[in-house]
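This is what each chain is made of:
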Amino acid sequence: MPRSLPRLRMPFAPVAAALLFAAAQPALAGGRLPPIPQLPPATPADLVGTCEDLASRFTNLPGTTITGSSSVAAGDLQLAGQPVPAHCRVTGRMNERVSPVDGKTYAIGFEMRLPLAWNGRFFHQGNGGIDGSVSTAVGASGGGPLTHALMQGFAVLSSDAGHSNAQGGPAFGLDPQARLDYGYQAVGTLTPMAKAAINLAYGKGPDRSYFGGCSNGGRHTLVAASRYAAEYDGFLAGAPGYNLPLAALANIWGAQRYATVATGDPLTPPGLETAFTATERQMVASRVLARCDALDGAADGLVQDTAACQRTFNLMRDVNTCARDNRDGTCLTIAQKRAIDPIFRGGARTTDGTRFYAGFPYDPGVGGGGIPFWEFTAPLALDTGAVGVIFKVPPAPEALTNGAAFALGLDIDATLAELYATDATYTESAMSFMTPQHPSDLSAVRDRGAKVLVYHGVADPIFSVSDSETYVKNVNRASRGQASSFLRLFKVPGMGHCSGGPATDQADYLTPLVAWVEQGQAPDRIVATARGAGNPGGVNGEVPASWAPDRTRPLCVFPAVARYDGSGDLERAESWSCVDPRGAR
Ligand SMILES: [Ca+2]
């Protein structure tokens, strides 16, 4: 382990973090921090001129080439069967250049969607994966959304973060500047351009500015909260991979463990999946339910009290052990248990036992449909290119052509050090350019009256909800136990990565965030809906048949959990209360 590897960036051990969190509340609750200002609300305005003439009005934006501006009529875009209002679509690119390293041409590609009837707000959309394409600038969040930022009248920006996947996917990582743009600099370049463009389009800049996205988009959001706090008033971070390089390496570490008990060829996703089959995952989910479902007052297929479940469920004890190697789907072998349990309960570790990424809590979502992609395909096909070519110093281009062998043969300890390394070509490490600069310090956000709303699926198999808990605990500790006045985490039981799973995964997070930022109405609970049969946002096939198709549940502010009131319709959020489990003990 090199001396440069900063120990403070390591997630706290869960027990230690819990103690710190518990201790911080009573001891420091009386501490005085400066008052938090209330930001005034945005006021609407109409587009000045026409969509078609925006290109000529945007010609003097620094470093920017506008490639198109056109009208999008009401209804040309649909959302959940509803017409998206009329808006302009402006496309362009910034900072076009030729790389001195790989000779390719790079630029920051973007589109803006500017409503004719504007609500006075800007929404910077962070996209998923390794970026590289300009996703439609609508500002969606929540599973099968029924509304989104564009629908609500925001001016929305989306970008490729400085590279095009058409040029070789993760190969952009060979270019140092493209690494930095992906990490944070594209956001820093685009933000003043977008605000200036909005000013030209409407005759005033945005009254209030928001940043949001899920997965890597959630990472962009928390990085923006760290680096660009002065530019944004609200941050909506879904499943934030704010330790993304560590999470990617942890996923490869997990694949190496699965490979030890695979009966098929572990170099292929189906072969790797033989380590922990769909039948076995669903069996484990049923055992989790048997132990944990009723802890929240109702055996309803959802485990609300994740922490209590981790204390209650024990894979080694609560799942039958197969006699010899007779894997018939009702049991796991001893070898399977020893390989799999540390992925969930322990978290990824170096050979000397140092944990470098969070574990994943047991939840009924372990049987979810998104698990095999993230557990068995991603480590062989996605994490390899990211770790090998975008994050490591020096990069390993062979990861582009032989990803599976690269992953299963990777030296985890050495690679972990390389995530913190620099050299003459790559002068900033991945852990510097990909993550928040000082993850526990949101004082700049707090002191200007901005707010951060995080949501995260409890069964997310790639970015651990436990890592988001650690983020909140550390910010809370650094802000005298008063983080909930500007940072709130809403866990979504059963939900996988950003959506899906046996869960109530459909929610509008943006409206409560705006009410918090602009009206001072802090969200205590957000009602989420299951996407059963007939849901206009798209049906989630993983909603169990035993649930009402439109079941609702409150999502609670961590560490509070939803608890059934003991009477009232079990299917409705109104029958559930958010309870702090620490007070209930
Ligand atoms: Ca339950």
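Residues numbered from 1 in each chain as written. Predicted model: local features only at pLDDT ≥ 70, side-chain atom pairs only at ≥ 80, totals over all residues.

Help me understand the overall build of the protein chain, please; the structure alone is not making it clear to me.
When helices and strands are counted, the protein chain shows 19 helices and 17 strands. Its C-alpha radius of gyration of 23 Å places the protein chain within 12% of the 25 Å reference for a compact globule of 585 residues. Overall size of the protein chain, expressed as C-alpha extent along the three principal axes, is 75 × 60 × 50 Å. Buried positions account for 52% of the 585 residues belonging to the protein chain. Pairs at least 24 apart in sequence give 69% of the contacts found in the protein chain among residues at least 6 apart. (Helix = DSSP H or I, 4+ residues; strand = E, 2+ residues; numbered from the N terminus. Rg over C-alpha atoms; globule rule 2.2 N^0.38 Å. Buried ≥ 20, exposed ≤ 12 C-beta atoms within 10 Å, placed from the backbone. Contact = placed C-beta atoms within 7 Å.)

Is there a simple way to explain the sheet that holds strand β13 (residues 487–492) in this structure?
Strand pairing within a sheet occurs via backbone hydrogen bonds; the two strands may be parallel or antiparallel. Taken together, nine strands build an open sheet; the order of strands is β2-β5-β6-β9-β8-β10-β11-β12-β13 and the sheet is mixed. The open sheet has two edge strands with one neighbour each: β2 (64–72) and β13. Direction aside, neighbouring strands of the sheet carry axes that sit 15° apart on average. On the sheet, helix α17 (residues 465–478) packs against β12 (451–457) and β13 and is oriented at approximately 160° with respect to β13. (Pairing = 2+ DSSP bridges. Axes fitted to C-alpha atoms, helices over the stretch in contact; angles between N-to-C directions.)

Honestly, the pairing of strand β9 (residues 155–159) in this entry has me stumped. Any pointers?
Note on strand geometry: in a regular strand, side chains alternate between the two faces of the sheet. Counting buried positions over the five residues of β9 gives five, a clear majority of the element. What you see with β9 is no split at all: A155, L157 and S159 on one side and V156 and S158 on the other are buried throughout. Relative to β9, strand β8 (residues 121–125) runs parallel, the two being bridged by four bridges. Paired with H124 across the two strands is L157, which belongs to β9.

Honestly, unusual backbone geometry in this entry has me stumped. Any pointers?
Backbone geometry follows two general trends: most residues other than glycine have a negative phi, and most peptide bonds adopt the trans configuration. Omega for the peptide link from V393 to P394 comes to 0°, which places this bond in the cis form. Along the polypeptide, P394 turns up in the loop between α12 (383–391) and α13 (403–408). The residue after F558, namely P559, is reached through a cis peptide bond having omega 10°. Position of P559 among the secondary structure elements: in the loop between β15 (552–556) and β16 (561–564).

Explanation requested: helix α5 (residues 244–259) in the structure shown.
Since the α-helix turns once every 3.6 residues, residues separated by three or four places project in the same direction. With 16 residues, α5 ought to run about 22 Å at 1.5 Å a step, and its terminal C-alpha atoms sit 23 Å apart, in line with that. Across the 16 residues that make up α5, a large majority, 14, are buried. (Expected span 1.5 Å × (residues − 1).)

Help me understand the packing of α5 against helix α10 (residues 334–346) in this model?
The description of two helices packed together rests on the angle between their axes and the distance between the axes. Where α5 meets α10, the axes come as close as 8 Å, and the angle between the chain directions of the two elements is 165°. With respect to α10, the axis of α5 lies roughly antiparallel. Crossing of α5 over α10 shows left-handed handedness. Where α5 approaches α10, its residues G254, R257 and Y258 are matched on the opposing element by A339, P342 and I343. Grouping the amino acids of the contact of α5 with α10 by side-chain chemistry returns four nonpolar, one polar and one charged. (Parallel < 35°, antiparallel > 145°, perpendicular 65-115°, else oblique. Left-handed = near helix turned anticlockwise from the far one by under 90°. Nonpolar A, V, L, I, M, F, W, Y, C, P; charged D, E, K, R; others polar.)

How do you make sense of the environment of G568 when you look at a structure like this?
Considering the arrangement of structural elements, one finds G568 in the loop between β16 and β17 (576–579). When the 11 C-beta atoms within 10 Å are taken as the criterion, G568 is described as exposed. Each C-alpha atom, one on G568 and one on G75, is 40 Å from the other, the two residues being 493 residues apart in sequence. Discounting residues that sit within four places of it in the chain, G568 has contacts with E574 and S575.

Looking at this structure, I do not really get the pairing of strand β6 (residues 105–115). What am I missing?
Burial of β6 is extensive: nine of the 11 residues sit out of reach of the surface. Bridge analysis of strand β5 (residues 87–98) against β6 gives 10 bridges, and the strand direction is antiparallel. Residue pairing in the sheet places G92 in a bridge with F110 of β6. Across four bridges, the pairing between β6 and β9 is antiparallel. In the sheet register, R113 faces β9, and the bridge partner there is V156.

Teacher, can you tell me more about the nonpolar core here?
Across soluble globular proteins, you tend to see nonpolar side chains buried next to one another. Among the nonpolar cores identified, the biggest contains 157 residues, and M112, V156, L190, L249, V288 and V452 are the most heavily contacted of them. Broken down by element, the residue count for this core peaks at 12 residues, all from helix α3 (residues 176–202). Discounting residues that sit within four places of it in the chain, V156 has contacts with M112, R113, F123, Q125, A137, V138, G139, A149 and L150. (Core = buried A, V, L, I, M, F, W, Y, C linked by C-beta atoms within 7 Å.)

Just checking my understanding: could you explain the environment of T50 for this structure?
Along the chain, the position of T50 falls in the loop between β1 (45–46) and α2 (54–57). With 37 residues separating them along the chain, T50 and H87 place their C-alpha atoms 10.0 Å apart.

Please clarify how the packing of α5 against α12 should be interpreted in this entry.
Running from N to C, α5 and α12 cross one another at 130°; their axes reach a closest spacing of 9 Å. With respect to α12, the element α5 is oriented oblique. In the crossing of α5 with α12, the sense of the turn from one axis to the other is left-handed. Packed against α5, whose contacting residues are P245, A248, L249, N251 and I252, the element α12 presents D383, A386, V387 and F391 at the interface. Here the residues of the contact of α5 with α12 sort into seven nonpolar, one polar and one charged.

Explain helix α14 (residues 412–419) here, please?
Listing the buried residues of α14 in full gives T415, L416, E418 and L419. For α14, the buried positions fall inside an angular range of 160° around the axis, keeping them on one side. Those residues of α14 hidden inside the fold are in contact with α5, α12 and α15 (430–433). (Arc of directions from axis to C-beta.)

When you look at the confidence of the model for the protein chain in this model, what are you seeing that I'm missing?
Detailed reading of the predicted coordinates is not advisable wherever pLDDT is low. With 94% of its residues at a pLDDT of 70 or more, the protein chain shows a mean pLDDT of 94. Overall, residues 1–29 carries pLDDT values under 50, and its contacts beyond four positions in sequence, including any with other chains, amount to 31 contacts. (pLDDT = per-residue confidence, 0-100.)

Is there a simple way to think about the environment of A548 in this case?
With respect to the helices and strands, A548 occurs in the loop between β14 (525–529) and β15. The sequence separation of A548 and G532 amounts to 16 residues, and the corresponding C-alpha distance is 7.5 Å.

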